[in-house]
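# Per-entry structural report
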Amino acid sequence: MSDDKDQQNQDYELRSYGRRRGRKRSARQDAIFDDGLARWGLGPTETALPALEHLFAFKPSEVWLEIGFGGGEHLIWQAERNPDIGFIAAEPFEDGVVKVLTAIKEKHLQNIRVYPGDVRQLLRAMAPDSITRAFILFPDPWPKARHAKRRLVSPALLSALSRVLVQGAELRIATDISSYAAEILAAIHNDTSFIWEANRPGDWRNRPDDWPETRYEAKARGAERQPNFFSFRHLRIGKPETEV
Ligand SMILES: C[S@@+](CC[C@H](N)C(=O)[O-])C[C@H]1O[C@@H](n2cnc3c(N)ncnc32)[C@H](O)[C@@H]1O
């Protein structure tokens, strides 16, 4: 393996998120976390997961994946509007997980399964060719140069995603950090299994109608940083390997 590839693989194992917990949870929130994950949680991921459509009580027409859903605004919005789609959602920040589990309960949503951890473990356990759309919205920016290698979107993540995305799947990524946007576009350019179909600035400067604003987009706009809304197409090249 080349030194570059070796380094990329080492960086891929670095922690890409900040805190796992915010304020101390109340007894009610503890119960939502434990009971909610028992009903709507996913895992463990040490062994391969069953085919994703079997994780739901109905047969979803497609399965979409949201990585780092934060407060869950986008996830819940999409799940309410697309009841026939199954959503797999990964987030290590437990306060966000509690928010989403609360919404699932209160809104009686049948179509979300939550993985309360690092998506990279989840991706290894997922069957190949199973996701038709994936979202990574405002991944942690890690603005200090010495932390930049912790950024989640990297050549190694694209390769892990490529294994689970079907031919023709869409990968949506948003960021308001220009150095991160440039890194993402370089990684897509160098990965032969993704193409960027945008033609004009409006294609990445304007958020499509089927994509609601998230908390981090609002923060970016508040700080007068222009978000980029990228949409990439996945091209399946060869047969994907099974990982665990
Ligand atoms: C800046 S926040 C954005 C949250 C939300 N998507 C939004 O737009 O408001 C980035 C989120 O990604 C999550 N995250 C970071 N690394 C992750 C990983 N390896 N797997 C899953 N989520 C991750 C963080 O915990 C955090 O909640």
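Scroll up to find the structure this text is about.
Attention here is on the structure that accompanies the text. (Residues numbered from 1 in each chain as written. Predicted model: local features only at pLDDT ≥ 70, side-chain atom pairs only at ≥ 80, totals over all residues. Heavy atoms only, no water.)

## With respect to the overall build of the protein
Scanning the protein from terminus to terminus reveals 9 helices and 7 strands. Excluding contacts between residues fewer than 6 apart, the proportion of contacts in the protein whose partners are at least 24 apart in sequence is 82%. Working note: accessible area of the protein is about 12500 Å², and carbon and sulfur atoms make up 49% of it. With 36 positive and 35 negative side-chain charges, the protein shows a spacing of 5 Å between the two charge centroids. (Helix = DSSP H or I, 4+ residues; strand = E, 2+ residues; numbered from the N terminus. Contact = heavy atoms within 4.5 Å. Areas by Shrake-Rupley, 256 points an atom, 1.4 Å probe, with all protein chains shown as cover. Lys, Arg positive; Asp, Glu negative; His and termini not counted. Charge placed at Lys NZ, Arg CZ, Asp CG, Glu CD.)

## Observations concerning the environment of Glu-197
Following the sequence through the fold, Glu-197 ends up in the loop between strand E6 (194–196) and helix H8 (202–205). Among the residues examined, Glu-197 registers a relative accessible area of 45% and is labelled partly exposed. For the pair Glu-197 and Thr-214, spaced 17 residues apart in sequence, the C-alpha separation works out to 24 Å. If near-sequence neighbours (up to four positions away) are discounted, Glu-197 is found in contact with Ser-231 and Arg-233. A polar contact of 3.5 Å, which involves the side chain of Glu-197, links it to the side chain of Arg-233. (Buried < 20%, exposed > 50% of the residue type's maximum accessible area, 1.4 Å probe, protein only. Polar contact = N/O pair within 3.5 Å; in protein donor to acceptor, adjacent residues only side chain to side chain.)

## Points about the packing of aromatic side chains
How two aromatic rings sit relative to each other is given by the distance of their centres and the angle of their planes. Enumeration according to the criterion identifies 8 aromatic pairs in this entry. Between Trp-64 and Phe-87, the aromatic rings sit 5.5 Å apart at their centres with planes inclined by 80 degrees, giving edge-to-face as the arrangement. Of this pair, Trp-64 sits in strand E1 (residues 62–67) while Phe-87 sits in strand E2 (residues 85–90), and the two are 23 residues apart along the sequence. Taking relative accessible area as the criterion, Trp-64 reaches 6% and is therefore assigned buried. Connected via pairs of aromatic rings, a cluster forms that spans Trp-196, Trp-204, Phe-230 and Phe-232. Over the face of the ring belonging to Tyr-12 we find Arg-120, whose NZ or CZ atom lies 5.5 Å from the ring centre. Note that Arg-133 overlies the ring of Trp-64, its terminal NZ or CZ placed 4.4 Å from the centroid. (Phe/Tyr/Trp six-rings, centres within 6.5 Å; stacked < 30°, edge-to-face > 60°. Lys NZ or Arg CZ within 6 Å of the ring centre and 35° of its normal.)

## Digging into the site of the ligand
Taken together, 20 residues lie near the ligand, and Ser-16, Gly-68, Glu-91, Leu-137 and Thr-214 sit nearest. Here an oxygen atom of the ligand sits 2.7 Å away from a polar atom, N or O, in the side chain of Thr-214. For the ligand, whose accessible area on its own is 600 Å², the fraction buried by protein is 96%. For the shell around the ligand, the secondary-structure elements that each account for two or more residues are helix H5 (119–125) and helix H9 (215–222). Residues of the shell around the ligand, tallied by class, amount to 10 nonpolar, 5 polar and 5 charged. (Near = heavy atom within 4 Å. Nonpolar A, V, L, I, M, F, W, Y, C, P; charged D, E, K, R; others polar.)

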